[in-house]
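As a plain string of letters, each chain reads:
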Amino acid sequence: MKKLGYKPHVIRGVERTVIGAIGDERTHQSLETLTTWPQVEKVMPVQKRYKLVSREGHRSNSTIDVRGNTIGGKKLQVMAGPCSVESEIQLLTTAEAVKKSGATILRGGAFKPPTSPYEFQGLGAKGLKLLAKARRETGLAIITELLSEDHAELVAEYTDIIQIGARNAQNFQLLIAAARTGKPVLLKRGLSMKIEEWLLAGEYVLAHGNPNLFFCERGIRTFETYTRNTLDLSTIPIIKQESHCPIVIDPSQGAGRSDLVIALCKGAVAMGADALLIEVHPSPCEAWSDGAQQVTLEGFARLMEELKPFIAAAGRE
Ligand code: PEP
Ligand code: MN
């Protein structure tokens, strides 16, 4: 241990001897290699591997201001809009309707990450311009996905929140590029990402000088086939315990089914989510992506109404 740069502190028990290693792993070599010694049963890190996202170093909840809307405060914020930006009429119709129902942030993918290269890839820069137009006309803030480091400056020029998608949740160079734009970053949980890995991915954003990070649970891959993903609502109290950063729930990618979205939103609000990210489309059956999970404009209005008693019961506005 001394050779590796740590100060050993020996505790002799009846059955075992525990040796504490005092030092900073960022400046010293990793102790993990000691498990190769026959005398060493286990090497256990005492400190959390994430520091800046951790609640240990920042007791109070972080709040993030997005165009005058506080996320992580008393008000439950709703981000809503289509999966993909398709046209001016589609986006503006949706924007007006979700605003009327109480959403404060408009979502819409301009750069899309479809699993197949033959599926809709998004309108790109044209989609960003339409989002900016919708913001001008409605006053709603904008969230859209950043897919590539090459687009970081372009996307940041238009959006108020940068979304990092599930497929890129551990693309660390992309996370660094997003952090450096200075815009708030919403980090989706990867399809098969452990919570610790997610927290560490978030750590990249804070470690690169950007304190405005949201974690967004959007379902993980399991054996279940009734839903597209398994929405893990236990992440709400876990993220709240482990981190000071706000937690957002995306029931749309979470379920992959529009009929489950209301129930999942109620559960998320009751469990303490700070915000919801919901896919809404004027005509889901004609959507260019994720049609099965998008709720209609009327469905969204109903959802917002039905959510009210849950918001009040959770002590929020
Ligand atoms: C989306 O929000 O439309 C999306 C592609 O999300 P995810 O990265 O969670 O699949
Ligand atoms: Mn989608």
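Read on for a plain summary of the structure.

### Section: the sheet that holds strand β7 (residues 141-145)
Strands sit in the order β5-β6-β7-β8-β9-β10-β11-β12 around a closed barrel of eight strands; the barrel is parallel. Adjacent strand axes in the sheet meet at a mean angle of 25° when their direction is disregarded. Across two bridges, strand β5 (residues 77-81) lies against strand β6 (residues 105-107) in parallel orientation. In the sheet register, Met-79 faces β6, and the bridge partner there is Ile-105.

### Some details on helix α4 (residues 172-180)
Residues of α4 that are buried: Leu-174, Leu-175, Ile-176, Ala-177, Ala-178 and Ala-179. Elements that come into contact with the buried residues of α4 comprise α3 (152-158), β8 (161-164), β9 (185-188) and α5 (195-207). Of the residues one or two after α4, Gly-182 is the one with positive phi, at around 85°.

### Quick word on the environment of Gln-163
Following the sequence through the fold, Gln-163 ends up in strand β8. Setting aside chain neighbours within four positions, we find Gln-163 in contact with Arg-107, Ile-143, Thr-144, Glu-145, Leu-146, Leu-186, Lys-188 and Leu-277.

### Some points on the coordination of the manganese ion (ligand 2)
For the manganese ion (ligand 2), every protein donor is listed as Cys-83 (SG), Glu-279 (OE) and Asp-290 (OD), and the spread of their distances is 2.0 to 2.4 Å. Taken in chain order, the donor set of the manganese ion (ligand 2) reads C-x195-E-x10-D. Of this pair, Cys-83 sits in the loop between β5 and α1 (88-101) while Glu-279 is found in strand β12 (residues 275-279), placing the two residues 196 residues apart along the sequence. For the pair formed by Cys-83 and Glu-279, the shared burial category is buried.

### Topic: the packing of α5 against helix α6 (residues 235-242)
For the pair α5 and α6, interaxial distance at closest approach is 12 Å and the crossing angle is 50°. One element, α5, and the other, α6, form an angle in the oblique class. As α5 packs across α6, the resulting crossing turns out to be right-handed. In this structure, α5 uses Ile-195, Trp-198 and Leu-199 to contact α6, whose residues at the interface are Thr-235, Ile-238, Ile-239 and Glu-242.

### Here we look at the pairing of strand β1 (residues 7-12)
As paired elements, β1 and strand β2 (residues 17-22) share six bridges and run antiparallel to each other. Along β2, the bridge assignment pairs Lys-7 with Ile-22. In this antiparallel pair of consecutive strands, β1 and β2, the connection spans four residues.

### Details of the site of ligand 1
Neighbouring ligand 1 are the residues Cys-83, Arg-107, Lys-112, Glu-145, Gln-163, Gly-165, Ala-166, Arg-167, Lys-188, Arg-218, Gln-253 and Glu-279. Here an oxygen atom of ligand 1 sits 2.7 Å away from a polar atom, N or O, in the main chain of Ala-166. Within the side chain of Gln-253, an N or O atom sits 3.2 Å from an oxygen atom of ligand 1. Relative to its unbound accessible area of 290 Å², ligand 1 is 97% covered by the protein chains. Split into classes, the residues belonging to the shell around ligand 1 amount to two nonpolar, three polar and seven charged.

### Notes on the environment of Gly-122
Within the element layout of this structure, Gly-122 appears in the loop between β6 and α2 (125-138). For the pair Gly-122 and Trp-288, spaced 166 residues apart in sequence, the C-alpha to C-alpha distance is 9.1 Å. The contacts of Gly-122, once residues within four sequence positions are left out, are Ala-110 and Lys-112.

### A few points about the side chain of Arg-316
With respect to the secondary-structure elements, Arg-316 resides in the segment after α9 (297-313). Taking the relative accessible area as the measure of exposure, Arg-316 reaches 15% and is therefore buried. Of note is the side chain of Arg-316, whose polar atom sits 2.6 Å from the backbone oxygen of Gly-73. A distance of 3.3 Å separates the side chain of Arg-316 from the backbone oxygen of Ala-273, its partner in a polar contact.

Conventions and cut-offs
- Residues numbered from 1 in each chain as written.
- Chains lettered and ligands numbered in written order.
- Predicted model: local features only at pLDDT ≥ 70, side-chain atom pairs only at ≥ 80, totals over all residues.
- Heavy atoms only, no water.
- Pairing = 2+ DSSP bridges.
- Helix = DSSP H or I, 4+ residues; strand = E, 2+ residues; numbered from the N terminus.
- Axes fitted to C-alpha atoms, helices over the stretch in contact; angles between N-to-C directions.
- Buried < 20%, exposed > 50% of the residue type's maximum accessible area, 1.4 Å probe, protein only.
- Contact = heavy atoms within 4.5 Å.
- Donors = N, O, S within 2.8 Å, 3.2 Å for Na, K, Ca; no water.
- Parallel < 35°, antiparallel > 145°, perpendicular 65-115°, else oblique.
- Left-handed = near helix turned anticlockwise from the far one by under 90°.
- Near = heavy atom within 4 Å.
- Polar contact = N/O pair within 3.5 Å; in protein donor to acceptor, adjacent residues only side chain to side chain.
- Areas by Shrake-Rupley, 256 points an atom, 1.4 Å probe, with all protein chains shown as cover.
- Nonpolar A, V, L, I, M, F, W, Y, C, P; charged D, E, K, R; others polar.

Function cannot be read off these values alone, since they describe shape.
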